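Close look at the chain arrangement
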Amino acid sequence: MTIAFIILAVITVAGTAAAMGMRNAVHCVLALTVGFAGVAAIYLQLDAQFVGLTQIMVYVGAVAILAVFAIMMTHSPSPTKPPTYSSYWLMGSIVAAAVFAVLAWAVVSSGAHTQSLPSEPTVSVQQIGDALMHRFVLPLEIMGLLLTAALIGAVVIAMDHNEEIK
Amino acid sequence: MNSLQSYLLLSSLLFSIGLAGALTRRNAILVLIGIELMLNAANLNFIAFWRFGPAPAALTGVMFAIFSISVAAAEAAVGLAIILAAYRHSKTTDLDQMNSLKG
Amino acid sequence: MTLPLDQIFVLSKHWLLSFVPPIAQPLASAILSVVPVLIAFPLLFAITTLLERKGLGRIQNRYGPNRTGPWGLLQPIADGVKSLTKEDIVPLTADHAVHFLAPIFLVAAAFLGYAVLPIGRNMVISNLNAGVLYFFAVGSMVELSVFMAGWSSRSKYSLLGAMRAIAQMISYEVPLVLASVVVIMQAGSLSTVSIVEKQAGYTGIWPHWFVFTPWGIVGFALFMIAATAESNRSPFDLPEGESEIIAGYYIEYSGFKFALFFLGEYLGMFATSGMAITLFLGGWSAPFSFLTWIPSYVWFFAKLLALIFGFIWIRGTLPRLRMDQLMNLAWEFVLPTALLNMLVAGVWHFMPGGPIRWLVCIAIVAIPCTFLTRRLKRKKKFEVRTYSFAE
């Protein structure tokens, strides 16, 4: 465990915890981007440069903006502020805490501690491209199809159908 | 405590935070974001196991993370579109109030 | 080929590093690489504001600033002093923390992109393996700070401006990336340094820049259109159109924070122009083989100033687009052309060289383009339009 990892871990956890705990939905999304950027930095620290940059591009650049747009478009100016947490928040937190306890117990008691850090893998973007185009070409094509379907589907679902009737 | 375990612990903490958010928040958008966080935690696991695993040259973990990020992007787009459609219908994103199957 | 004048900055950095103890050398090396960039580009910003005001003045048949110093040369300094001494007003209902963080975040995100721009031979802060990807990833962070500024001000104008700006930036980011994909396909690398090296050779006196190929010229044109939109400049300046929503998302900012927004915007413009130079215009390489004795960084900044001149010229010439025209242009013309351009790059790669290759490649992109532009022109129906954000 290095100092860099501790700092990044603290930033990530603080960002995500704030994202899930704050009252204002926009603040939540802004805190969330800190968390996403922290995860991206951890990827970079683990020598997964391509994944880290993709993470920043997709999550900070696209998903956060989408979420912010959705919050803006669904914002209803009501005089009474609705409560932040749902009626069964206690149950939910207990379940989440239990899940964390089980996962942490599994991690700590597992035999993973026998492995030490292997030497730095030299993974260039070219290798990733080669792998995508040869070994993983079928998943890549399916991914393209899925993204196209999601694009069209999102547009169709979000379209205002009343406008056509007018 | 060594490196791999600390990464795994961090990822399980992220997963639990996402789960807590998805289970306790009222706003549908934030619930969706909680699910995204859980996906992120899984990705972190893939990258950690790839880095500490026996064959990093095979790139399997990296590939899985890349595909998982793409699927998450598609999921976020469709999910937010559904929330928008639901909002247009019921004028709320409060999940406690969206409790009827009939429009 | 490495002349001492060309490498003067690299050599002086190594000379300075020799005084530093070995433990601190990585840190000192990073500082010595970053600080010149942090000084040079804000300086260029100061020069550009003056050039822009002068140039626009010439285009509009007036003088432009000419009161401070000889020919108004001290105008940037006067502007700087003015913005520093003005009162910093924060709206009462504003979200103070976010309002404060937005300009800082914007400038930081704008500076991050310079880390992968090769300014001269051996002059790049970090030669990342995935440099182009890094550049676009960092560029997408700008949108978030625009939203932060617009939302935290709690003003109609700023929110409208932010919504327009984000919609526009997202729409034009797709063609921006797709236009640069052709270069990545041809160069076979995402590293900015190796992309520049691929363009470094000469045939006779002519350089091997990617802009001198059919896919290169189309890609460059699309990239510059998208870059203009991405940096919110005229004719795509709806997010801050003065006559419509005053200053857009940073209307509620004053004093130094306003200056920071201005700085961030120009830095973004320089960074995307620098990326266009790297991808299409051969980076720091000289335009003719007999001019290679001029230092490489001079060429980079000369090309940058040429592109800035183009931006100013376009700003003085073209009227502002309407929101629907902007979106139609992005999705119905720029995006399909960028996709076709990728096909052209593939055809170019696999066909044998010669005039037939040129003809085929030009035909693939030119014929559909004519139809696309016809379609854009035909839409001249006048009808009542509704805006979902303005209601």
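Quick note: structure is the one above.
A short tour of the structure in this document, coming up. (Residues numbered from 1 in each chain as written. Chains lettered and ligands numbered in written order. Predicted model: local features only at pLDDT ≥ 70, side-chain atom pairs only at ≥ 80, totals over all residues. Heavy atoms only, no water.)

Helices and strands together make up the secondary structure of chain B, namely three helices and zero strands. Starting at the N terminus, the α and β elements of chain B follow one another as α-α-α. What you see for chain B is a C-alpha radius of gyration of 17 Å, clearly larger than the 13 Å of a compact globule of 103 residues, by over 25%. Taken along the three principal axes of its C-alpha coordinates, chain B extends 55 × 25 × 15 Å. Buried positions account for 63% of the 103 residues belonging to chain B. For chain B, the exposed area adds up to about 3,800 Å²; of that, 70% sits on carbon and sulfur atoms. The distance from the centre of the 6 positive side-chain charges to the centre of the 4 negative ones in chain B is 4 Å. (Helix = DSSP H or I, 4+ residues; strand = E, 2+ residues; numbered from the N terminus. Rg over C-alpha atoms; globule rule 2.2 N^0.38 Å. Buried < 20%, exposed > 50% of the residue type's maximum accessible area, 1.4 Å probe, protein only. Areas by Shrake-Rupley, 256 points an atom, 1.4 Å probe, with all protein chains shown as cover. Lys, Arg positive; Asp, Glu negative; His and termini not counted. Charge placed at Lys NZ, Arg CZ, Asp CG, Glu CD.)

This part takes up the side chain of Glu143 of chain C. Relative to the helices and strands, Glu143 of chain C resides in helix α6 (residues 141-152). The buried charged residue Glu143 of chain C lacks any salt bridge, with Arg164 of chain C as its nearest oppositely charged partner at 16 Å. Setting aside residues up to four positions removed in sequence, Glu143 of chain C forms contacts with Gly61 and Ile65 of chain A together with Ile166, Met169, Ile170, Glu173 and Glu230 of chain C. (Salt bridge = Lys/Arg side-chain N within 4 Å of Asp/Glu carboxyl O. Contact = heavy atoms within 4.5 Å.)

Moving on to the interface of chain A and chain C. Counting residues at the interface gives 23 residues for chain A and 26 residues for chain C. Of the roughly 2,000 Å² buried between chain A and chain C, counting both surfaces, carbon and sulfur atoms make up 81%. Across the chain A-chain C interface, the total number found is zero salt bridges. Per-element accounting of the side of chain A that touches chain C gives the leading share, 14 residues, to helix α3 (residues 49-73) of chain A. (Buried area = accessible area lost by both parts, 1.4 Å probe.)

Residues and elements named next belong to chain C. Taken as a whole, this structure holds 29 aromatic pairs over all chains when the rule is applied. Geometrically, the ring pair formed by Phe223 and Phe280 is edge-to-face, given 5.8 Å between the ring centres and 65 degrees between the ring planes. With Phe223 in helix α9 (residues 214-230) and Phe280 in the loop between α11 (255-279) and α12 (296-317), the pair connects residues that are 57 residues apart, well separated along the chain. We note that Phe223, like Phe280, is buried. Taken together, Phe45, Tyr249, Tyr250, Tyr253, Phe258, Phe261, Phe262, Tyr266 and Phe270 form an aromatic cluster joined through their ring pairs. (Phe/Tyr/Trp six-rings, centres within 6.5 Å; stacked < 30°, edge-to-face > 60°.)

Taken together, the contact between chain A and chain B spans 84 residues of the former and 67 residues of the latter. Summing the contributions of chain A and of chain B, the shared interface buries around 6,700 Å²; its carbon and sulfur component is 76%. Contact with chain B buries surface across chain A, with Met20, Leu46 and Thr74 of chain A losing the most and accounting together for 10% of the total. Applying the counting rule to chain A against chain B returns one salt bridge. Asp47 of chain A serves as the salt-bridge partner of Arg51 of chain B, at 2.8 Å between the closest nitrogen and oxygen.

One broad trend across soluble globular proteins is that nonpolar side chains are buried collectively. Val51 of chain A, Ile47 of chain B together with Phe41, Tyr114, Phe223, Leu267 and Phe270 of chain C are the most contacted members of the largest nonpolar core, which totals 180 residues. Taken domain by domain, this core gets at least three of its residues from each of domain 1 (1-75) and domain 2 (124-159) of chain A. Apart from the residues lying within four places of it in its own chain, the contact partners of Phe270 of chain C are Phe41, Leu44, Phe45, Thr48, Tyr114, Leu304 and Ile308 of chain C. Counting residues in hydrophobic clusters, the runner-up holds five residues, among them Ala96 of chain A together with Ala22, Val31 and Met38 of chain B. (Core = buried A, V, L, I, M, F, W, Y, C linked by side-chain atoms within 4.5 Å. Domains from an automatic or database assignment.)

On to the arrangement of the chains. Ranked by contact count, the leading pair among the two pairs of chains in contact consists of chains A and B. The least C-alpha distance between chain B and chain C, which are not in contact, is 13 Å.

All names here are of chain C. Within this structure, the stated rule accounts for six salt bridges over all chains. A salt bridge links Asp88 to Lys257; the shortest N-O distance between them is 3.5 Å. Here Asp88 is found in the loop between α3 (75-85) and α4 (96-112), whereas its partner Lys257 is found in helix α11, with 169 residues between them in sequence. Looking at Asp88, the relative accessible area reads 40%, which means it is partly exposed. Given a relative accessible area of 10%, Lys257 falls into the buried group. Bridged by salt links that share partners, the residues Glu52, Arg233 and Arg315 form one connected network.

Our focus in this paragraph is a nonpolar patch on the surface. Taken together, the side chains of Trp71, Leu73, Leu74, Ile77 and Val81 of chain C present a nonpolar region at the surface, about 570 Å² in accessible area. Along the chain, Leu74 of chain C falls in the loop between α2 (25-59) and α3. (Patch = residues over 30% accessible without salt bridge, like charges linked within 9 Å, V, L, I, M, F, W, Y side chains within 5 Å.)

With that out of the way, let us pick up the environment of Asn66 of chain C. Residue and element names in this part refer to chain C. If you trace the backbone, Asn66 turns up in the loop between α2 and α3. Under the relative-accessibility criterion, Asn66 is labelled partly exposed at 31%. Residue contacts for Asn66: discarding those within four places in its chain leaves Lys54, Trp71 and Gly72.

Turning our eyes to something else, we now look at unusual backbone geometry. Glycine aside, the phi torsion of most residues is negative, and most peptide linkages are trans. One non-glycine residue, Asp47 of chain A, lies in positive phi territory at about 65 degrees. Position of Asp47 of chain A among the secondary structure elements: in the loop between α2 (25-45) and α3. By relative accessible area, Asp47 of chain A is classed as partly exposed at 25%. Phi is positive for Arg154 of chain C, which is not a glycine, with a value near 55 degrees. Secondary-structure assignment places Arg154 of chain C in the loop between α6 and α7 (156-187). Among the residues examined, Arg154 of chain C registers a relative accessible area of 43% and is labelled partly exposed.

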